[in-house]
Every structure is written in C-alpha cells, then in structure tokens.
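# Breakdown of the fold
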Amino acid sequence: MKNLFYLGLGMLVLFEFLKIYFIMPFPGSQQWDSIDFAYFLHLYRWVFRIALGVVILAGVVPAVSVKRRWVPALSLVITMAAIWAFNFKMAADAMFQEPRELRFLARDSFDENDSTLVVAIEKGDEAKAYPIRYIVYHHQVRDTLAREPVMVTYCSVCRTGRVFSPFVDGKPENFRLVGMDHFNAMFEDKETGSWWQQATGEAITGELKGKKLDEIESIQLTAGAFFKAYPNGKIMAADPNFLSKYDSLGKFEKGKSESKLTGTDPFSWNEKSWVVGVDLEKGAKAYDWNLLLEKESIRDRVGSQDILILLNKDTQSFVVFEIPSDTQSHLWTGDTLYLDSAAYSFTGKSLNPTQTDLKRLKAYQEFWHSWRTFRPGTEGPNPKPL
C-alpha cells in the first residue's frame, strides 16, 4: 500500500507539469493542436488534485511506518515545492505582471530616445502611446481612451501588438495572461474562464469559444514620429516596480534580441522574419519588411482595394492606407505623401482642410510564422512555401 503514496505523489507532479506544459513554450508543446486538452486539464484541475490526494492518503500510513521516515517526508516536501513552482513561479501571470502604477508623460517630460517604438491609439483629440520595451514585458495594459476602457496587448514571441475593447456581449470583462497557444499569448476572462487568442482577439476554447473582441485601430511608430503627429499626445511611463524587467536597451524592438523565442531573422520569409501583415476586406496579405526598407513605399491592388504602405524616414514607423483607385501617381518624401496633387501627413491627415483624410487599414509588423499561423489564407508577394 505504501506504493500508492509514491504513485500519487508522482502522478500529482506529472499532472501539474502537464497543466502548464501545453500552454507554455516548452520543447514541442507549441507545435501541437492541444489547446482543448490543455483546457480540459485546467478546467478539471481540482478533480485531478482531489483524486490523487485520495491515492496519496491511502498510502501515507504504510509509507511512514518504516524506519526511514525521512524518505516519505522528503518526497512530500519535493512534491509540494514542485507544485508551488509550477503554479506560482512558472504561471504566465506570475512571470509577466500588469502595471501597478500607470502614468503618462507629455512630450517635454519624455526622456527616452525618440527612436523608442510605441503602439499608439487615438480617438478624437486624445492620443496615447505605449512603448514596446515596456508592454513586451507586461503583455497587457488596461487603460482608458476618451473615457472608454481599452486593453493594450503585446506578444513578444509573435511580435504582435493588438488593442481591444474589453467588452464581451456588451459587458466589461477582466482578463489575465494564462499562457500561450502556437506561440501566441493567451488570456483568460474572469467571468467564464474561456481562453482568448491575442493575435485575433478570439475565444479559442471554453464557454465563449468563437466570440471575438472588438479591435481598436492602432499604429506602430517611433516616439519621435508619434509626438510629431500628435504634439499633445501622452506616452506611457515606466512603472518603477518593474524597471529590472524592462527591455531597457530596446534590443527586442530593434530586432537584436538573442533569445530563440524573440530573436529576429534578418533574411526574408523565414520563421522569424518581419512582415507587414495587412487585414483587408477580402482576406489578408503579407509584405516583406526588407522590401519595404528598400522601396520605402509599396503600392498594391488586392481585390477591389488599392493600398499603399509607407515607411517613415526613421525606418521603423510604418502605416498602410486605402487609396482611391483612380490615383495616377504617388510620391513619398519620407515626411509628406502626395497622391497626384493631394498632400497628406504620415498618419494620413490631409494637409488641405477641404480634403478628407486617408483611411488607415489594420496593419501590423509581425513575425512571418505568426502571421501565416493566424491568417492561414494569407497571401504574400513571394512567400516561402508553407
């Protein structure tokens, strides 16, 4: 009967490990379509724990009725330590915490480099920017824009920045980082415990499977370009509680991370190569970042849409517009866009008050492996064969 004690301990450790194995970047874990099984283990975790606890209790008396009582005691201590580590040290929301102090700075108070990359949002007269070197750690920042709640998210393993309206069926919802699926950050809603994909804003398992969060348009640009476009804009300050956690040198945003998970491939159409992914009315399309660096602007026609991708002269900020189909020519100076005789700023604001602004399209700088995984029908000009 004493074997039940050790069997129960071993099975409990194995269960707790498997519970995080499928939702964290362990070797092989992110290549499988295992999300439903991982959710099953999570959903019934207390059933497994209680059942294995009964097995352990059934063998505890015989196990301690031996001369070497320190053996079962040590085994129990090791088991408890492993369970604590799996649940409180390796848990995603323990490793990557949300800000505790959320503050914003005006242009004259911002003392970081103007090349700092940010994810920016705007509504009406209000514009806010979130430095990637901060949100790459936090993964989620809850804030408001024009008094409306927003959920700013970032996944460094996919290089995906997304901003969502945190409402489900019209009700405000709270989310926590729970892990990842196919190398993409995954959040759990508090109300139903469903798991949501960061790259698409879709619930991929649980009671709300299939529902999607409304996405808020965002743009990736440098702090310098942000303040030029939005002189009265505000930029998120570093939370003093997490200074040691931040990518203070900006290695990730510059593509110089040495991590296997977050590092960049400088060549085109490889797993960790950068692409500009564009969401269109009739699907999605990816464009090679290296080509954009070379051309500085790319014009394309996708279905019935004419689009134009621009790279700022800082070589980091980019934007994608839908342009009139009858446009004869475009000229991008690195600062001003001319469509025939009409002139626009980098963010699409018309420089002629009698003309309308350009329509920006949802576009993201992303690792190629991420874009093709979550947009399986995507097109690419010269993509690497899947």
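Above this text sits the structure in question.
Residues numbered from 1 in each chain as written. Predicted model: local features only at pLDDT ≥ 70, side-chain atom pairs only at ≥ 80, totals over all residues. Heavy atoms only, no water.

## As for the overall build of the protein chain
What counts, and what does not: Put simply, DSSP marks the helices as runs of H or I at least four residues long and the strands as runs of E at least two long, and each gets a number from the N terminus on. Each residue gets one of three labels from its accessible area relative to the maximum for its type: buried under 20%, exposed over 50%, partly exposed in between, using a 1.4 Å probe on protein chains only. Residues count as neighbours in contact if any of their non-hydrogen atoms are within 4.5 Å of one another. Note on charges: Lys and Arg go in the positive column, Asp and Glu in the negative column, and His and the chain ends are not counted at all. The location of each charge is read from NZ of Lys, CZ of Arg, CG of Asp or CD of Glu.
Helix and strand content of the protein chain: 9 helices and 25 strands. Expressed as lengths along the three principal axes of its C-alpha atoms, the size of the protein chain is roughly 90 × 45 × 40 Å. The buried share of the protein chain, taken over its 386 residues, is 51%. Long-range pairs, those at least 24 residues apart, make up 58% of the contacts in the protein chain with a sequence separation of at least 6. Distance between charge centroids for the protein chain: 8 Å, based on 45 positive and 47 negative side chains.

## Some remarks on the packing of aromatic side chains
Put simply, the test is: Each Phe, Tyr or Trp ring, with Trp reduced to its six-membered ring, pairs with another whose centre is within 6.5 Å; inter-plane angles below 30 degrees give stacked pairs, above 60 give edge-to-face pairs, and intermediate values give tilted ones. Two thresholds decide whether a charge sits over a ring: the Lys NZ or Arg CZ must be within 6 Å of the ring centre and within 35 degrees of the ring normal.
The final tally for this structure, using the stated rule, is 28 aromatic pairs. Measuring from centroid to centroid gives 6.0 Å for F110 and F227, while their planes differ by 50 degrees, and the two rings are tilted. One end of the pair, F110, is in the loop between β1 (104-105) and β2 (117-123); the other, F227, is in helix α7 (residues 223-229), and 117 residues separate them in sequence. Judged by relative accessible area, which is 5%, F227 ranks as buried. Ring geometry for W269 and W368: centres 4.8 Å apart, planes at 80 degrees, overall edge-to-face. With W269 in the loop between β15 (234-236) and β16 (274-280) and W368 in helix α9 (residues 368-374), the pair connects residues that are 99 residues apart, well separated along the chain. Neither residue differs from the other here; W269 and W368 are each classed as buried. In textbook terms, an aromatic cluster arises when at least three aromatic residues are bridged by ring pairs, as seen for F17, Y21, F22, F26, W32, F37 and F86. The lysine or arginine in question, R159, covers the ring of F252, its NZ or CZ lying 4.7 Å from the ring centre.

## Remarks on the nonpolar core
Quick reminder of the rule: Residues belong to a common nonpolar core when they are buried Ala, Val, Leu, Ile, Met, Phe, Trp, Tyr or Cys residues joined through side-chain atoms within 4.5 Å.
If you look at the biggest cluster of nonpolar residues, it comprises 41 residues, and the most contacted ones within it are I23, F175, M186, W195, W196 and L213. Element by element, the count of residues in this core is highest for helix α1 (residues 2-21), at 6 residues. Discounting residues that sit within four places of it in the chain, L213 has contacts with M151, F164, S165, F167, V168, F175, W196 and G201.

## Here we look at the pairing of strand β5 (residues 148-155)
Applied cut-off: Two strands are said to pair when DSSP picks up at least two bridges between them.
Taking burial as the measure, the 8 residues of β5 include 6 buried ones, the bulk of the element. Counting the residues in the hairpin turn of strand β4 (residues 140-145) and β5 gives 2 residues, including A146, whose phi is positive at 50 degrees. Examined bridge by bridge, β5 and strand β6 (residues 160-165) share 5 bridges and lie antiparallel to one another. The partner of C155 across the bridge, within β6, is T160. Hairpin connection, β5 to β6: the antiparallel pair is bridged by 4 residues, and R159 has positive phi, about 60 degrees.

## Describing the sheet that holds strand β13 (residues 214-215)
The strand order across the open sheet formed by 4 strands is β4-β5-β6-β13, and the pairing between neighbours is antiparallel. Unpaired on one side and paired on the other, β4 and β13 mark the two borders of the sheet.

## What to know about unusual backbone geometry
Unlike most non-glycine residues, A146 shows phi in positive territory, near 50 degrees. Relative to the elements of secondary structure, A146 occurs in the loop between β4 and β5. A146 sits in the partly exposed class, given a relative accessible area of 31%.

## Let's talk about the environment of L358
Structurally, the position occupied by L358 is in the loop between β23 (342-344) and β24 (359-360). Note on L358: relative accessible area 12%, which makes it buried. Taking the C-alpha atoms as reference points, L358 and V320, 38 residues apart in sequence, are found 9.7 Å from one another. Residues in contact with L358, not counting those within four places in the same chain, are F321, E322, L337, L339, Y344 and G348.

## Focus on the pattern of salt bridges
Basically, it comes down to this: Counted as salt bridges are all cases of a side-chain nitrogen of Lys or Arg within 4 Å of a carboxyl oxygen of Asp or Glu.
On inspection of all chains with the given rule, the structure shows 22 salt bridges. Of the charged contacts in the structure, one is a salt bridge between K362 and E215, with a shortest N-O distance of 3.9 Å. In this pair, K362 is assigned in the loop between β24 and β25 (363-367) and E215 in strand β13, connecting sequence segments 147 residues apart. For R372, the salt bridge goes to E271, with nearest N and O atoms at 2.4 Å. With a gap of 101 residues between them, R372 in helix α9 and E271 in the loop between β15 and β16 connect regions that are remote in the sequence.

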